[in-house]
Amino acid sequence: MKQVLYRNFGNPAEVLEVKERDSSVLTEGQARIKVLRAPINPSDIAQVAGQYGVKPGLPAIAGLEGLGRVVEVNGTGIDGGQLVLLPSVGTWATEMVGPIDQLVPLPEGDLDQLSMLRVNPATAYLLLTEFVELNAGDWVILSAANSAVGSYILQLAKAHGINLVCVVRRESAVAALKQAGADVVLVDGIDLAEQVRAATGTEMKLALDAVAGDTFGRLAETLEEAGTIVLYGGMSEKPVSVAIDPILFRDVRVRGFWLLPWILKASKEEQTKVYGDLTMAVAAGILHAPVEKQFSLDEIAEAVTYTMTGERSGKVLLAPNGF
């Protein structure tokens, strides 16, 4: 088998290497999975660079999500041939061994789309369901709306009749979001709250922020009394900045979200519900992410360089066992 590992934190194009090793012998309760697809996400790049929320012990196998097929089982609870979401660690490999009780079974479907369910779609789903009870017609505001998570939030919101204000940091991102069906698209600025009120005539029930810095405070100013703002990223690499008034006088609630603790704590039933709903959304054509390019494991340096360079129109995937 082959694995992509790193012995030091740093530039992924420089520290990642492909190594061959013997396959592990299964112990009771384990399954062997042939890895079919593994996306390259910003979180993967950040972890290899040593900039993620958790640093693994080194050497480490890269990759935080993917899709595979069970090829060998030592125990009960899953059958050979079953398509599964991979455990959230070390997915950039030709095969993985994992506990049967941690595998999330999936129906047959589009391998590319299903391979991306673990991180971004789940983050979008939970941001829209875990913090505020939203109903059709409610308004939500979202920063970094042209990101991968933002795209999934837009698709899910449209499917459930939730109105969305999409906030971006550059004018060039506006047209694509409008074409994707966004209700309102605005460019971030000091007058964002005024722009929102002028465009919608109302206040937001929920704000979702992946930028931090001053953007966080501007989103908070758009919220209704006792509204909630959730920070799930820090693309600006700046501390959050927020005025006193929204929190002190209007009881705006501040929350944070990171998917990894949810994956570690959620029961098998909870995960099955979330990923089952997302799988059905993919099958129904509600959720879709464009895929720009696929690479083999042996092309890992080229793959991560391509991922990190410039703007792309779709995701980059690894196909460890071929296309």
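Scroll up to find the structure this text is about.
Residues numbered from 1 in each chain as written. Predicted model: local features only at pLDDT ≥ 70, side-chain atom pairs only at ≥ 80, totals over all residues. Heavy atoms only, no water.

Asks: So what about the packing of aromatic side chains? Which residues, and what values?
Replies: Here the structure, examined in full by the defined rule, presents five aromatic pairs. Ring plane angle 75° and centroid distance 5.6 Å describe the contact between Tyr52 and Trp258, whose orientation is recorded as edge-to-face. In this pair, Tyr52 is assigned in the loop between helix H2 (42-49) and strand E4 (60-61) and Trp258 in the loop between strand E14 (253-256) and helix H10 (259-265), connecting sequence segments 206 residues apart. The class of Tyr52 is partly exposed, set by a relative accessible area of 22%. Residue classification places Trp258 among the partly exposed residues on the basis of a relative accessible area of 34%. Sitting over the ring of Phe9, Lys55 keeps its end group 5.4 Å from the ring centre. Residue placement shows Lys293 over the ring face of Tyr306; its charged tip is 5.0 Å from the ring centre. (Phe/Tyr/Trp six-rings, centres within 6.5 Å; stacked < 30°, edge-to-face > 60°. Helix = DSSP H or I, 4+ residues; strand = E, 2+ residues; numbered from the N terminus. Buried < 20%, exposed > 50% of the residue type's maximum accessible area, 1.4 Å probe, protein only. Lys NZ or Arg CZ within 6 Å of the ring centre and 35° of its normal.)

Asks: A description of the sheet that holds strand E1 (residues 2-6) should follow, citing residues and the corresponding values.
Replies: Spatially, E2-E1-E4 is the arrangement adopted by the three strands of the open sheet, whose pairing is antiparallel. Across the chains shown, the open sheet's two edge strands, defined by having one partner strand only, are strand E2 (16-20) and E4. One ladder, built from two bridges, connects E1 with E4; its direction is antiparallel. Each residue of the ladder has a partner; that of Leu5, found in E4, is Ile61. (Pairing = 2+ DSSP bridges.)

Asks: Tell me what's going on with the pairing of strand E11 (residues 184-187), and back it up with residues and numbers.
Replies: As judged from the four bridges shared by strand E10 (residues 163-168) and E11, these two strands associate in the parallel manner. Within E11, the residue paired with Val167 across the bridge is Leu186. As for the winding sense of the linkage, the β-α-β connection from E10 through helix H6 (residues 174-179) to E11 is right-handed. (Right-handed = clockwise from strand over helix to strand, strands pointing away.)

Asks: An account of the layout of surface pockets is requested, with residue identities and associated values reported.
Replies: Space inside the second largest pocket adds up to approximately 280 Å³. Taken together, 17 residues line the second largest pocket, and the ones lying closest to its centre are Tyr125, Leu128, Thr129, Leu156 and His160. For the lining of the second largest pocket, the element with the highest residue contribution is helix H11 (residues 268-283), accounting for four residues. Taken together, the residues of the lining of the second largest pocket break down into twelve nonpolar, three polar and two charged. (1 Å grid on protein atoms, 1.4 Å probe; cavity = no way out; pocket = protein on both sides within 12 Å on 5 of 7 lines; lining within 4 Å. Points joined across faces, edges and corners; volume = space filled by probe spheres on them. Nonpolar A, V, L, I, M, F, W, Y, C, P; charged D, E, K, R; others polar.)

Asks: Give me the lowdown on helix H12 (residues 300-308), citing residues and values where you can.
Replies: Taken residue by residue, H12 has Ile300, Ala303, Val304 and Thr307 as its buried positions. Buried residues of H12, viewed axially, fall in a sector of 90°; they line one side. Residues of H12 that are buried sit in contact with E1, helix H1 (12-15), E2, H2, strand E15 (291-295) and strand E16 (315-318). (Arc of directions from axis to C-beta. Contact = heavy atoms within 4.5 Å.)

Asks: Help me get a handle on the packing of helix H4 (residues 120-129) against helix H5 (residues 148-159), residues and values and all.
Replies: Look at H4 against H5: their axes get within 8 Å of each other, and the N-to-C directions meet at 55°. Judged by the angle between their axes, H4 and H5 are oblique. Two packed elements cross with a definite hand, and for H4 against H5 that hand is right-handed. Here Asn120, Pro121, Thr123, Ala124, Tyr125, Leu127 and Leu128 of H4 lie close against H5, whose contacting residues are Ala148, Val149, Tyr152, Ile153, Leu156 and Ala157. Here the contact of H4 with H5 is built from residues that sort into eleven nonpolar, two polar and no charged. (Axes fitted to C-alpha atoms, helices over the stretch in contact; angles between N-to-C directions. Parallel < 35°, antiparallel > 145°, perpendicular 65-115°, else oblique. Left-handed = near helix turned anticlockwise from the far one by under 90°.)

Asks: I'd like to hear about the sheet that holds strand E9 (residues 139-142), residue by residue, with values.
Replies: In a beta sheet, neighbouring strands are held together by backbone hydrogen bonds and run either parallel or antiparallel to one another. The six strands lie next to each other as E11-E10-E9-E12-E13-E14, forming an open sheet whose pairing is parallel. Looking at the sheet topology across the chains shown, the edges are occupied by E11 and E14. Taken over all neighbouring pairs, the strand axes of this sheet differ in orientation by 20° on average, direction set aside. As defined by bridge partners, E9 adjoins E10 across four bridges and the pair is classed as parallel. Bridging across to E10, Leu142 finds its partner in Cys166.

Asks: Tell me about H2, residues and numbers included.
Replies: Counting buried residues along H2, six of its eight residues qualify, which places the element largely inside the surrounding structure. The complete set of buried residues in H2 reads Ser43, Asp44, Ile45, Ala46, Gln47 and Val48. Here the buried face of H2 lies against E1, H1, E2, strand E3 (30-39) and H12. Two residues or fewer after H2 comes Gly50, characterised by a positive phi angle close to 80°.

Asks: Explain the packing of H4 against H11 residue by residue, including any values.
Replies: Across the interface, H4 lies against H11 with an axial gap of 10 Å and an inter-helix angle of 105°. As summarised for this structure, H4 and H11 are arranged roughly perpendicular, according to the angle between their axes. Contacts between H4 and H11 involve Pro121, Ala122, Tyr125 and Leu126 from the first element and Lys273, Val274, Tyr275, Asp277 and Leu278 from the second. The residue makeup of the contact of H4 with H11, split by class, is seven nonpolar, no polar and two charged.

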